[in-house]
Each structure stands twice: as C-alpha cells, then as structure tokens.
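Architecture at a glance
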Amino acid sequence: MAFVPQIKIPATYIRGGTSKGVFFRRQDLPEVAQEPGAARDNILMRVIGSPDPYGKQTDGMGGATSSTSKTVILDKSSVADHDVDYLFGQVAIDKAFVDWSGNCGNLTAAVGAFAISGGLVDADRIPENGICTVRIWQKNISKTIIAHVPMTNGEVQETGDFELDGVTFPAAEVEVEFMDPAAGDAAMFPTGNLVDDLEVPGVGTFKATMINAGIPTIFLNADEIGYTGTELQEAINGDPAALERFETIRAYGAVRMGLISDISEAAARQHTPKVAFCAPAQNYVSSSGKQVTTDDIDLVVRALSMGKLHHAMMGTAAVAIGTAAAIPGTLINLAAGGGERTAVTFGHPSGTLKVGAEAKLVGEDWTATKAIMSRSARVLMEGWVRIPGDCF
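As a starting point, this report considers the structure included with it. (Residues numbered from 1 in each chain as written. Predicted model: local features only at pLDDT ≥ 70, side-chain atom pairs only at ≥ 80, totals over all residues. Heavy atoms only, no water.)

**Here's the deal with empty space enclosed by the protein**
Counted only if it meets this: Site definitions follow a grid-based scheme: protein atoms alone, a 1 Å grid, a 1.4 Å probe that fits but cannot get out for cavities, and for pockets an open set with protein on both sides within 12 Å along at least five of seven lines, plus lining residues having an atom within 4 Å of a point. Grid points are joined across faces, edges and corners, and a volume is the space filled by probe spheres set on the points. Working definition: helices are DSSP H or I runs of at least four residues, strands are E runs of at least two. Numbering for both runs from the N terminus.
Within this structure, the stated rule accounts for 3 cavities of 30 Å³ or more. The calculated volume of the largest cavity comes to roughly 70 Å³. Elements with a contribution of two residues or more to the lining of the largest cavity: α4 (240–256), β13 (274–280) and β16 (299–305). Considering every element that reaches the lining of the largest cavity, the biggest residue donor is α4, with 4 residues.

Below is the structure:
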C-alpha cells in the first residue's frame with residue numbers, strides 16, 4: 001500500500017499579545033496556497049489540527065482555544081507607503097472553516113517583528129538600535145496599522161520588562177496604532193444610533209451599542225443579561241445554555257449591523273461580530289489571583305470570541321472598547337462614567353488593559369482617527385511545520 005509523505009512548510013510559531021499563531025511568508029507556502037481558495041484553507045486547517053471533533057487540536061499546532069487557533073500570512077506590501085501586507089485566518093476548532101472576515105489585534109503585535117526578521121521590510125528602514133516603524137496593510141479589513149518595534153544591535157528586541165495581563169512573563173513593549181479603525185466605508189454605527197434596543201426572539205430585548213471599530217462588536221449591559229461584568233471563563237464557558245443565548249444575540253446583532261441578511265448565515269461568520277458585556281468598575285479577583293480594584297480601572301468588560309468567553313481581551317475588541325469610550329453616550333462610555341475621554345482602562349478576566357482612542361463628530365457621523373495600545377510579542381519556535389501531502 002502506498003503512503004503519501006508529509007511535506008515541510010517554513011513557518012514560525014509566535015505569541016502576539018494574549019494570542020498565539022502560526023506565521024507564514026506567502027512565498028513559502030505551496031504554490032497552490034499562495035492565493036485564496038480551498039487549498040489554502042485546507043492547508044491551514046491541517047497545520048492547526050482542525051476540524052477536530054474532540055475539540056483538542058491534538059494533531060496540529062492549535063491550542064484548542066480561539067486565542068491559539070490562528071494563522072497569519074505576510075507578504076511584501078502591494079500598497080504604497082506600506083511595508084507588509086498582513087492577512088489573518090481564524091481557524092475554527094471543531095468545524096472545517098477558516099474565517100477571513102476580520103483582524104486579530106493581538107497577533108498584530110507580532111507582525112512587525114516577523115516582517116523585519118523575514119526580510120519583508122527594506123533594510124534602509126530598519127535602525128541598528130531604537131524603534132523600527134513598520135507600516136502594515138491589514139488585508140482583511142483594508143486598514144493601516146503602525147507597529148513600533150524595538151531594535152537592539154540590528155535584531156528585533158523581544159525581551160524586556162513590559163508586563164501584559166494575560167501573559168505570564170514580561171517582554172519588550174510594542175506600541176501599536178490602529179489608524180482610522182472604523183470598518184471600511186461602513187458607518188461606525190451601522191444603525192445610526194449610539195444605543196439601540198436589540199430584540200432577540202426567545203431571549204429578550206436589550207440595550208446595545210453596535211459599533212464598527214477595530215472589529216464589529218455588539219456591546220451589552222451586563223446587568224440586563226444577568227451578569228455582573230466580573231465573570232471569569234468558567235462562569236460562562238461551563239454553561240451551554242448561556243453560550244447558546246450569546247450566539248443567538250450575536251446572530252440577531254449581526255443582522256441589525258448589516259453584516260449578514262439572515263441569522264442562518266451567522267454560523268459561517270464566527271469571527272465577526274464579537275459580542276461583549278460591560279458594567280461600571282468593580283473589585284474582583286482575576287484568573288491569575290490578582291486583585292483588581294476600582295482604583296485600577298474605569299469599567300469592566302467581558303467579550304466572547306468564537307463562541308467562548310475570552311481569557312483576556314481580543315486586541316481588536318479593545319480597539320472597539322477604546323473607540324466607544326471616546327464617544328459620549330455609548331454603553332461603554334456610560335459604564336466608564338460618561339463624558340469626554342481619550343483613554344480608558346478596563347478590567348478583563350486576566351487583569352487590566354489601557355487603550356487610547358481619538359474620535360470626532362463629522363457632520364452627523366462619528367469617525368475615529370486612531371486607537372493606540374501596547375502589547376508584546378515573542379517567537380516561540382521557528383523552522384517548518386509538516387502536513388500530509390494529500391491534505392489539499
């Protein structure tokens with residue numbers, strides 16, 4: 001009996017923010033996967049270990065969570081005044097599906113470093129020491145992101161003393177600017193309102209801020225859906241009925257936002273929109289045992305990703321939080337105390353995060369100029385991933 005050998009693909013396994021993913025240069029992928037299509041999706045799913053009915057991704061690089069079931073493809077930028085094109089693929093765990101509908105803000109922190117090390121940034125733009133400014137074109141959402149990557153003796157600096165809640169060890173700080181973070185030509189508030197009554201048949205009617213910034217996000221008040229806003233993962237992820245309610249809310253919110261035309265389409269768009277709930281600042285103990293107090297934060301926020309409560313906060317959702325906080329009258333702004341603000345610190349299951357944003361009213365529409373946050377990134381392994389040669 002003949003067996004198909006495995007093939008090797010150059011790849012790097014990197015932590016970016018509170019996520020991990022497998023990074024590729026487009027030129028290193030098999031030729032059939034250098035363009036969008038089923039072959040590319042099949043290769044990435046096999047690399048990650050999906051679809052896995054056991055939900056463990058044991059036979060792949062994935063870590064069985066939405067934060068660790070991710071892939072990135074980088075290429076020399078085709079867009080003027082940019083260094084690198086960044087394409088993000090969120091791989092479903094138990095389904096044969098790669099979602100290309102949005103960005104990953106956490107892994108964005110690693111894009112600049114990988115681009116520098118992978119020869120995708122022109123040498124004359126890379127300082128021997130100091131900060132390398134990497135201009136990223138985010139292809140999923142057609143937006144510019146600027147990463148400020150520290151350099152030491154001509155190499156990307158990865159170690160440092162910057163601490164990020166949700167990440168065990170300190171590392172070098174990478175400041176990331178999300179320019180004009182609202183989604184494409186779509187309105188920042190697709191319904192035209194800062195707050196809507198979102199009717200969800202069989203579940204209820206809730207106040208909701210639905211915003212396109214960073215990533216399409218539906219914000220709810222925690223108390224309206226029976227929570228405090230200080231919940232940790234097990235309180236939500238161990239409750240199948242709660243997860244089903246959140247998915248139903250997400251589906252109806254997606255229709256109201258114009259992202260899908262019918263709730264039946266939500267299953268094929270798992271990465272976006274996100275659904276999150278917020279409340280005024282409260283004392284709580286984070287998942288690491290850290291005490292978070294009202295002196296540390298302006299509000300608390302919890303968000304779901306790929307159907308589960310996130311262990312910290314998605315970077316793109318943090319952009320949405322910062323942008324919404326900068327706009328008086330949104331649920332996030334009201335939970336933070338209302339008024340005008342250019343930065344907000346929120347509590348999440350792993351601790352706290354500060355994000356800055358600038359927003360202004362142009363005519364009758366709100367627009368955001370940029371959102372800023374600091375993350376860190378570190379290469380965990382580099383070399384090749386292997387997949388069976390007949391998987392695509």
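**A word on the layout of surface pockets**
Any empty space left between the atoms is revealed when a probe the size of a water molecule rolls over them. Rule in force here: For this classification, the nonpolar set comprises Ala, Val, Leu, Ile, Met, Phe, Trp, Tyr, Cys and Pro, the charged set comprises Asp, Glu, Lys and Arg, and every other residue, Gly included, is treated as polar.
Taken as a whole, the largest pocket spans an internal volume of roughly 630 Å³. Taken together, 27 residues line the largest pocket, and the ones lying closest to its centre are I93, S305, M306, G307 and K308. Secondary-structure elements contributing two or more residues to the lining of the largest pocket are β4 (84–91), α3 (233–237), α4 and β17 (308–309). For the lining of the largest pocket, the element with the highest residue contribution is α4, accounting for 4 residues. Grouping the amino acids of the lining of the largest pocket by side-chain chemistry returns 9 nonpolar, 12 polar and 6 charged. Estimates place the volume of the second largest pocket at around 400 Å³.

**Some thoughts on the environment of R46**
This is how it is decided: We call two residues contacting when some pair of their heavy atoms lies within 4.5 Å.
Mapped onto the fold, R46 is located in helix α1 (residues 38–48). Sequence separation between R46 and A187 is 141 residues, and the spatial gap between their C-alpha atoms is 37 Å. Leave out the neighbours within four places in its chain, and R46 touches D59, I387, P388 and C391.

**A look at the environment of P51**
The topology assignment puts P51 in the loop between α1 and β3 (70–76). C-alpha of P51 to C-alpha of I131: the two residues are 80 residues apart in sequence and 40 Å apart in space. Excluding anything up to four places from it in sequence, P51 contacts I93, D94, K95 and A96.

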